[in-house]
Amino acid sequence: MFGLLASPRASSSVLVFLRTFPQRYVSHSSSSEEALRRFIRENTEISGQQSLTPELRLRLFTPSCSFWTERAELWPYEDPYWAIYWPGGQALSRFLLDNPAVCRGQKVLDLGSGCGASAIAATLCGAAHVVANDIDSLAAVATHMNSELNGVPPPVCLTNNMIGSPPAAFDLILLGDMFYDESLTTSLHAWLDRCMKTHGTKVLIGDPGRAQFEEHGIRRLLRPLAQFELPESVREENYGLSCSGVWSYTPEL
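I will try to describe carefully the structure that is included in this document. (Residues numbered from 1 in each chain as written. Predicted model: local features only at pLDDT ≥ 70, side-chain atom pairs only at ≥ 80, totals over all residues. Heavy atoms only, no water.)

**Topic: the overall build of the protein**
Now for step 1: Counting its regular elements, the protein contains eight helices and nine strands.
Now for step 2: Out of the 253 residues belonging to the protein, those deemed buried represent 55%.
Now for step 3: Across the protein, the fraction of contacts at a sequence separation of at least 24, relative to all contacts at a separation of at least 6, is 68%. (Helix = DSSP H or I, 4+ residues; strand = E, 2+ residues; numbered from the N terminus. Buried < 20%, exposed > 50% of the residue type's maximum accessible area, 1.4 Å probe, protein only. Contact = heavy atoms within 4.5 Å.)

As structure tokens, then:
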């Protein structure tokens, strides 16, 4: 099974898949968007039916995709975290679809947007303006393609690292599966505080309860909003984690 760098957010068969990608990078600027779209079409499968959001169609890596078993050195781009529908993002997208008033008419940022599922869910729920931010520009192309699959206009896609930048005036920030590293969690904590103090931004977090999330100090500032049982196939890919939850970031606690 083919894979990427090991990451604390990666999981069981997915982790094996992600573990062996080479640490070499090719600039996407040298490739036309149509070439990137063709690459994604040829190396992903339209999937999502076995997720928490079966109504969303997404281009993802599955065992039937060629690069699941292909030699790692043939992979020409950065580690494809965008091609996995992580359980925290699944819970967050499910919560939005079940509670559309949360983002209706709002300016929404999907931070670490990956495949764009939460951004798409926010759009389907009537958000006034949606931005998807992921530092991998291939994720932006995948998000556009996934938006088209779901019949919604694509969000604005930004590939700069927004964490630590001057807070923009978003009403709502979404973070799925972003708390997989202690130093990143600490940086996020400080930046989210500035966003909330500057603009009164609300923050929703999706995570299946990984140790890096549960053991960090930020955990005591979160109010649980929803808990979802993961489908069997998602459990198998995530070390047997059975649930994924959504929390509201509430520093005044």
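**Quick word on the sheet that holds strand β3 (residues 107-111)**
Now for step 1: Taking strand neighbours across the sheet as the criterion, the seven strands line up as β5-β4-β3-β6-β7-β9-β8 in an open arrangement whose pairing is mixed. Each edge of the open sheet carries a strand with a single partner, namely β5 (156-158) and β8 (222-229). Pairs of neighbouring strands in the sheet enclose a mean axial angle of 20°, with direction left out of account.
Now for step 2: Summarising the sheet, strand β6 (residues 172-176) and strand β7 (residues 202-207) pair through five bridges and their orientation is parallel. Opposite Ile173, over in β7, you have Val203 as the bridge partner. (Pairing = 2+ DSSP bridges. Axes fitted to C-alpha atoms, helices over the stretch in contact; angles between N-to-C directions.)

**Digging into the pairing of strand β9 (residues 243-249)**
On a regular strand, each side chain points to the face opposite its neighbour's, so the side chains alternate between the two faces of the sheet.
Now for step 1: Most of β9 sits inside the fold, with six of its seven residues counted as buried.
Now for step 2: Pairing analysis gives seven bridges linking β8 to β9, with the strands arranged antiparallel. What sits directly across from Pro224, in β9, is Trp247.

**Considering the pairing of β6**
Now for step 1: When you tally the buried positions in β6, you get five out of five residues, the bulk of the element.
Now for step 2: The side-chain alternation of β6 yields two buried faces, one formed by Leu172, Leu174 and Gly176 and the other by Ile173 and Leu175.
Now for step 3: With four bridges connecting them, β3 and β6 associate as parallel partners. In the sheet register, Val108 faces β6, and the bridge partner there is Leu172.
Now for step 4: Following the chain from β6 across helix α6 (residues 182-199) to the adjacent parallel β7, one finds a crossover that is right-handed. (Right-handed = clockwise from strand over helix to strand, strands pointing away.)

**Focus: the pattern of salt bridges**
Now for step 1: Across all of its chains, the model carries nine salt bridges by this definition.
Now for step 2: Glu148 is the partner of Arg37 in a salt bridge, and the nearest nitrogen-oxygen pair spans 2.7 Å. Taken together, the positions of Arg37 in helix α2 (residues 33-43) and Glu148 in helix α5 (residues 137-149) put the pair 111 residues apart, joining distant regions of the chain.
Now for step 3: Of the residues examined, Arg37 reaches a relative accessible area of 13% and is grouped as buried.
Now for step 4: The residue Asp98 makes a salt bridge to Arg94 at a minimum N-O spacing of 3.0 Å. Of this pair, Asp98 and Arg94 both sit in helix α3 (residues 87-98), four residues apart, which is roughly one turn of the helix. (Salt bridge = Lys/Arg side-chain N within 4 Å of Asp/Glu carboxyl O.)

**Observations concerning the packing of aromatic side chains**
Both the distance between ring centres and the angle between the ring planes are used here to describe each pair of aromatic rings.
Now for step 1: Considering all chains together, one arrives at five aromatic pairs under this definition.
Now for step 2: Feature note: the residues Phe179, Phe213 and Trp247 constitute an aromatic cluster, connected by ring pairs. (Phe/Tyr/Trp six-rings, centres within 6.5 Å; stacked < 30°, edge-to-face > 60°.)

**Notes on the packing of α3 against helix α4 (residues 117-124)**
Now for step 1: For the pair α3 and α4, interaxial distance at closest approach is 9 Å and the crossing angle is 0°. As the angle between them shows, α3 and α4 are arranged roughly parallel. Judged by residue contacts, Gly89, Leu92, Ser93, Leu96 and Leu97 of α3 engage Ala117, Ser118, Ala121, Ala122 and Leu124 from α4. (Parallel < 35°, antiparallel > 145°, perpendicular 65-115°, else oblique.)

**Notes on α6**
Now for step 1: With 18 residues, α6 should reach 26 Å at 1.5 Å per residue; the first-to-last C-alpha distance of 26 Å fits that figure.
Now for step 2: Every buried residue of α6 is accounted for by Leu184, Thr185, Leu188, His189, Trp191, Leu192, Asp193, Cys195 and Met196.
Now for step 3: Packing partners of the buried residues in α6 comprise β3, β6, β7 and β9.
Now for step 4: Looking one or two places after α6, you find Gly200, whose phi comes out positive at around 65°. (Expected span 1.5 Å × (residues − 1).)

**A look at the packing of α2 against α5**
Angle between the axes and distance between the axes are the two parameters that describe a pair of packed helices.
Now for step 1: Between α2 and α5, the shortest axis-to-axis distance is 10 Å and the interhelical angle comes to 70°. Our classification of the angle between α2 and α5 gives roughly perpendicular. Judged by residue contacts, Glu33, Leu36, Arg37, Ile40 and Arg41 of α2 engage Leu138, Val141, Ala142, His144, Met145 and Glu148 from α5.
Now for step 2: Along the lines of polarity and charge, the residues of the contact of α2 with α5 split into six nonpolar, one polar and four charged. (Nonpolar A, V, L, I, M, F, W, Y, C, P; charged D, E, K, R; others polar.)

**Here's the deal with unusual backbone geometry**
Now for step 1: Even without being glycine, Asp177 reaches a positive phi, approximately 60°.
Now for step 2: Along the chain, the position of Asp177 falls in the loop between β6 and α6.

**Details of the nonpolar core**
Nonpolar side chains in soluble globular proteins tend to be buried together.
Now for step 1: Core analysis: the biggest nonpolar cluster contains 31 residues, and Leu96 and Val108 have the highest contact counts within it.
Now for step 2: When contributions to this core are tallied by element, the ones reaching two or more residues are β2 (58-60), α3, α4, β4 (129-133), β6 and β8.
Now for step 3: Residues contacting Leu96, with those up to four places away along its chain left out, are Val102, Cys103, Ser118, Ala121, Ala122, Cys125, Leu174 and Leu204. (Core = buried A, V, L, I, M, F, W, Y, C linked by side-chain atoms within 4.5 Å.)

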